[in-house]
Amino acid sequence: MIAELGLAALWLSAALSVLMMISGAMGLRDVASPHALYARPASVVQAFLAVLAFFLLLYAFAITDLSIKLVATNSHSAKPFIYKLTGTWGNHEGSMLLWVAVLALSGGLLGGLERRLPEKTMSATLMVQGFVALGFYAFMLLSSNPFERLPVPALEGGGLNPLLQDIGLAIHPPTLYVGYVGLSVAFSLAMGALITRQVTPDFAKVMRPWVLGAWVFLTFGITAGSYWAYYELGWGGWWFWDPVENASLMPWLAATALLHSVTVLAARDALRTWTIMLGVLAFSMSMLGTFLVRSGVLTSVHAFAVDPERGSFILGLLGLYIGGALVIFAMRAGSISEGKRFTVTSREGALVFNNVMLSAILAIVLLGTLYPLLTEAFDVRVSVGPPYFNPAGAIFAIPMFIVMAVGPLLRWKDDKPARIQFELALLAAVAIAIVALVAILGDYSVLAVLGLALSVALGIGALLPLKGRNIRRVPTATWGMIAAHFGVAVSLFGMASESAFTSEKLAAMAPGDSEVVADWNIQLESVDPVAGPNWTAIEARVLAARGDEEPTELGPQSRNFWSPPQPTSESALVTRWDGQLYVVVGDSAGIDANGNERWQIRVWWKPFVTFIWYGGLLIAFGGILSIIGRLQVDLKRRSAKAQGKARRADVEALSGDKPGSTAAPEPAE
């Protein structure tokens, strides 16, 4: 009954998306039409039904209903309960249902709560949102039904990919999906404003919270995913430029540029065309990521599907949505007024420059991701990795970081660099001093040295807008900007330090042997078999001591899961304020001269590597502060309007006018 209810809810929700689209189109023609009134309630009921369907699937996984094909394929009764739940979206069909549920919920919130847009623009927005939702409903119901029944219930399930049996799976995919879907709402709003030619600051104020929210979730999702890959895959890296990693990075880059553009449009009535174009681009990148993960063109732990037919369906949706949006943009872009002008040496100018740099980095990542897929179509295998991405991206990232440090110090509309010459000199002196100091300490890569210098300068630059201000009176949104920019500096410092100063050792060790890595003494005490709820493992008992401190006991494992059968490496970590010790145990390395069995032990000391993820969290926190700040401003404005209405009512009462009177009130004394 669970499957039938869930499937019925999805079909009804798909039908309501059609109603939402048609009603929105009628409202676009005539907002007074009675048929135009159905779009908002349809969006709300659609949201309820889609979320209900997702919770029914979640319940089916929780009770391990092996009559449902998806549960039987991706779960089993012996799996820990938390992984039964997270297994709901650890597969193609379940993750698509989560995507659709979040998409429907966003549309419901937009239709049910938003009242600031002109009704015609809202009708156009809901029309586009219904059209986007309908495509995903069609994809799921026609090719990815999550509630498909088995002819005969399975005796036991097949289990979940062991690499995904980690708490990181409970955080990483859902947060990314919320980010992707937030960009779909930004896309619908951009198209609605473009269709009705209402690309105004008021439209930008409505769009900004959705972009901010999507950007925060994307930031948090990428940060969580990076840390998950770092400790779970056992290779000691935090970013591999995997095509599916890039598929999450590209929407973030576009969303970052969009966030700055929509902020300028809301505050200064500029960058109108930029905002619309970036709204289309950001959603294009999220759709492209969906295609890469689900088309079968990639083989990755992140990939959910290997069915080319599904990939063709998504590619068709991508062409339909984005191609249609670009056609509308080409037809209507000329009707969008330019907005207010500004000089190059202004805050708007700095934001435009950094948007260009972000777009260039996005193009580099896009090319590096798609090029191997294109060559493989001609039976030529090409590997594109850090030797391409790092230097090519740095060409644009370095000037972007420099302008990012200076931009918040500039005034809106027009400014002169001479006004901030002290700040410019300070930042330049700090950067040069860091480069000189690191060069004296050792021979490090140019990119690592520049990264360290820029991170320190950027951190100082992020705090300089507080100079000469009363800290207590700084707006919350400004604190958000400062926190986010400082978070970028912290992450960049962690990346550069890990790249420059990491120490590594691979050794074949027998119990009692010891090795030295950086200033750590590593001793192998024993290697023993252990067992978990659905796995067995070889666990090394390792003592790690730094200087005169007490040794810390670590237990890295080499696990073997049995459902489905797959080996994994479980790293062991020791975290200090200045870095992290990372230990992995491998296979047997033979017998030593004393007859003791030796084991492969790999150890890294990674200075300040944790700053990468601390910075990511700080960036997301900055976005949250900005959302809170915008809400505070909106509440104050509404309160001021309410007070203004109350004062006018008092004036009318004192003057003797009745509600509805056409007589002009007497001046208040």
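If you're wondering where the values come from, they're calculated on a predicted model, not measured in any experiment.

Rules used in this analysis
- The numbers attached to residues start from 1 for each chain and follow its sequence in the written order.
- For this predicted model, a pLDDT threshold of at least 70 governs which residues receive local features, and a threshold of 80 or more governs which side-chain atom pairs are given and counted, while totals over whole chains, interfaces and linings are taken from all residues.
- Excluding hydrogens and water, the side-chain figures rest on all heavy atoms present in the structure.
- Secondary structure is summarised from DSSP: a helix means a run of H or I of at least four residues, a strand means a run of E of at least two, and numbering begins at the N terminus for each.
- Only protein chains enter the calculation, and the probe is 1.4 Å; a residue is then buried if its accessible area is under 20% of its type maximum, exposed if over 50%, and partly exposed in between.
- The contact rule is simple, with two residues in contact once any of their heavy atoms fall within 4.5 Å.
- Every residue is assigned a pLDDT by the predictor, reflecting its confidence on a scale from 0 to 100.
- Lining residues are defined by having an atom within 4 Å of a point belonging to a cavity or pocket. Those points lie on a 1 Å grid over the protein atoms alone, cavities being sets where a 1.4 Å probe fits but cannot get out and pockets being open sets with protein on both sides within 12 Å along at least five of seven lines.
- Grid points are joined across faces, edges and corners, and a volume is the space filled by probe spheres set on the points.
- Any residue that is not Ala, Val, Leu, Ile, Met, Phe, Trp, Tyr, Cys, Pro, Asp, Glu, Lys or Arg is counted as polar, Gly included; the first ten are nonpolar and the last four charged.
- Any two strands with at least two DSSP-identified bridges between them are counted as paired.
- Orientation is described by lines fitted to C-alpha atoms, with helices fitted over the stretch in contact, and by angles between N-to-C directions that extend from 0 to 180 degrees.
- Between the rings of Phe, Tyr and Trp (Trp by its six-membered ring), a pair exists once the centres lie within 6.5 Å; its type follows the angle of the planes, with under 30 degrees stacked, over 60 edge-to-face, and the other angles tilted.
- Two conditions define a charge located above a ring, namely a distance within 6 Å from the ring centre to NZ of Lys or CZ of Arg, and an angle within 35 degrees of the ring normal.

## Section: the environment of F608
Stage number 1. The topology assignment puts F608 in the loop between strand 10 (597-607) and helix 17 (611-655).
Stage number 2. When its relative accessible area of 17% is taken as the criterion, F608 is described as buried.
Stage number 3. Between the alpha carbons of F608 and S497 there is a distance of 6.1 Å; along the sequence they are 111 residues apart.
Stage number 4. The residues contacting F608, other than those within four sequence positions of it, are F493, G494, S497, W577, D578 and G579.

## Points about the confidence of the model for the protein
Stage number 1. Model confidence for the protein is summarised by a mean pLDDT of 89, while 96% of its residues fall at 70 or above.
Stage number 2. Under a pLDDT of 50 for its full length, residues 657-669 has, in the predicted model, eight contacts with residues more than four places off or in other chains.

## Topic: the layout of surface pockets
Stage number 1. In this structure, the second largest pocket spans a volume of roughly 650 Å³.
Stage number 2. Surrounding the second largest pocket, 25 residues form its lining, L113, E114, R116, P209 and W210 being those nearest its centre.
Stage number 3. For the lining of the second largest pocket, the per-class residue count stands at 15 nonpolar, three polar and seven charged.

## Things to note about the environment of G547
Stage number 1. You can see G547 is positioned in the loop between strand 4 (535-546) and strand 5 (552-554).
Stage number 2. Look at G547 and you get exposed, because its relative accessible area is 63%.
Stage number 3. The spacing of G547 and V384 is 163 residues in sequence and 41 Å in space, taken between C-alpha atoms.

## Quick look at unusual backbone geometry
Stage number 1. Even without being glycine, W241 reaches a positive phi, approximately 55°.
Stage number 2. Relative to the helices and strands, W241 resides in the loop between helix 8 (201-232) and helix 9 (243-268).
Stage number 3. Owing to a relative accessible area of 18%, W241 belongs among the buried residues under this scheme.
Stage number 4. Phi is positive for F608, which is not a glycine, with a value near 60°.

## A look at the pairing of strand 6 (residues 557-562)
Stage number 1. The pairing of strand 4 with strand 6 spans five bridges and is antiparallel. Residue pairing in the sheet places E539 in a bridge with Q557 of strand 6.
Stage number 2. One ladder, built from six bridges, connects strand 6 with strand 7 (residues 565-570); its direction is antiparallel. Bridge pairing links S558 to S569 in strand 7.

## Things to note about the sheet that holds strand 9 (residues 579-591)
Stage number 1. The strand order across the open sheet formed by four strands is 1-10-9-8, and the pairing between neighbours is antiparallel. With partners counted over all chains shown, the strands left at the sheet margins are strand 1 (503-509) and strand 8 (572-576), one partner each. Averaged over all pairs of adjacent strands, the angle between strand axes in this sheet comes to 20°, irrespective of strand direction.
Stage number 2. As paired elements, strand 8 and strand 9 share five bridges and run antiparallel to each other. Considered in strand 9, the bridge of V574 is made with L581.
Stage number 3. The sheet strands contacting helix 8 are strand 8, strand 9 and strand 10, and the helix crosses strand 9 at an angle near 35°.
Stage number 4. Its contacts with the sheet place helix 16 (residues 476-501) against strand 1 and strand 10, and it is angled at close to 135° to strand 10.

## Describing the packing of aromatic side chains
Two aromatic rings, taken as a pair, are described by how far apart their centres are and by the angle between their planes.
Stage number 1. Throughout the structure, instances matching the rule amount to 28 aromatic pairs.
Stage number 2. With a centroid separation of 4.5 Å and 10° between ring planes, the pair formed by W241 and F389 is classed as stacked. Remark: F389 occurs in helix 13 (residues 386-406) and W241 occurs in the loop between helix 8 and helix 9; sequence separation between them is 148 residues.
Stage number 3. Aromatic side chains F611 and Y614 sit 6.1 Å apart centroid to centroid with 50° between the ring planes, which places their arrangement in the tilted category. Here F611 pairs with Y614, and both are found in helix 17, just three residues apart, close to one helical turn.
Stage number 4. Here the aromatic residues W99, F131, F136, Y177, Y180, F187, F283 and Y321 are joined through ring pairs into a cluster of three or more.
Stage number 5. A cation over an aromatic ring shows up here: R559 above the ring of W535, its NZ or CZ 3.8 Å from the ring centre.

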